[in-house]
Amino acid sequence: MSPNAKDRIFVALDTPDAATALSLATALVGHVGGVKLGKEFFVANGPDAVKKIAGIGMPLFLDLKFHDIPNTVAGAIRSALPLQPAILNVHASGGRAMMQAALDAVTAWSGPRPMLIAVTVLTSLSDDDLTATGVNDTAEAQVLRLARLTQAAGLDGVVCSPREIAPIRAALGPGFKLVVPGIRPEWAAVGDQKRIMTPRQAVDAGADILVIGRPITGSDDPVAAAKRIAEEFG
Ligand code: C5P
């Protein structure tokens, strides 16, 4: 197994319960590359609880998907930076000026520079949903359009679904970071995920970071599950 395989795994701690998140994160130190905390955790527990989890020494993906006017997003990024996230994100549909304002805030920060990535089209949206919002194009075309805009704004990469890895990689080149949820090892329950890939398929297709939640957090032995996943693609 490649020594860095596990570093590609960020475990999604999707819980409003700070104690559960902390004990899972503590157990997984050294077995995954980092943890992802999102709005469910953040709104319930606030920045101090995020700091506590980051404090155990795990790189943190702070998945707050900012989307607002550029000035407000830049302010939100500045408020998030003292939490020392390894990865921060915004919505690409907020536009180029908004993404650049976010990037300027990150660049001006004196601490370690986090990776700044964008969400393109939420995978919960169908082509019909997009049409209803005035986007007269397929979801795939809109994903590529927003990924290009993200790269043009100078951001590091995008969050994308497994089936988007190959087209984005082909269009945007090898340096653009692809952070990919919707990952299921063959032995794990699919749950509500639809367009899944195994960890190996996703890495082979060009994923940089795999965001994996329930196959690890819902396992009776999360450490064993994380090890098994890393062995599968390492
Ligand atoms: O438990 P599971 O492995 O499905 O968790 C995946 C994580 O990635 C969750 O935090 C989920 O919200 C997030 N995510 C996703 N699909 C997307 C974007 C984010 O599953 N398209």
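You'll find the structure just up there.
Bear in mind the structure is a predicted one, so any value in this text is a computation, not a measurement.

K.L.:
Is there a simple way to explain the site of the ligand in this structure?
P.N.:
Looking at the ligand, the residues that line it are Ala12, Asp14, Lys36, Thr123, Pro181, Arg184, Gln193, Val211, Ile212, Gly213, Arg214 and Pro215. Between the ligand and lysine 36 there is a distance of 2.9 Å, counted from an oxygen atom to a side-chain nitrogen or oxygen. Glycine 213 is positioned with one of its backbone polar atoms (N or O) 2.8 Å from an oxygen atom of the ligand. Taking 460 Å² as the accessible area of the ligand by itself, protein coverage stands at 79%. Put simply, the parts of the chain that give the shell around the ligand at least two residues each are β8 (209–212) and α9 (214–217). Of the residues contributing to the shell around the ligand, the split by class is five nonpolar, three polar and four charged.

K.L.:
Any chance you could explain the sheet that holds strand β4 (residues 87–91) here in plain terms?
P.N.:
Hydrogen bonds along the backbone pair up the strands of a sheet, which may run parallel or antiparallel. Taken in spatial order, the eight strands of this closed barrel run β1-β2-β3-β4-β5-β6-β7-β8, and their pairing is parallel. With strand direction ignored, the average angle separating the axes of adjacent strands in the sheet is 25°. Both strand β2 (residues 34–38) and strand β3 (residues 60–66) contribute to a ladder of four bridges, which runs parallel. By the bridge assignment for β3, glycine 38 is matched with aspartate 63.

Thresholds, definitions, all that
- Residues numbered from 1 in each chain as written.
- Predicted model: local features only at pLDDT ≥ 70, side-chain atom pairs only at ≥ 80, totals over all residues.
- Heavy atoms only, no water.
- Near = heavy atom within 4 Å.
- Polar contact = N/O pair within 3.5 Å; in protein donor to acceptor, adjacent residues only side chain to side chain.
- Areas by Shrake-Rupley, 256 points an atom, 1.4 Å probe, with all protein chains shown as cover.
- Helix = DSSP H or I, 4+ residues; strand = E, 2+ residues; numbered from the N terminus.
- Nonpolar A, V, L, I, M, F, W, Y, C, P; charged D, E, K, R; others polar.
- Pairing = 2+ DSSP bridges.
- Axes fitted to C-alpha atoms, helices over the stretch in contact; angles between N-to-C directions.

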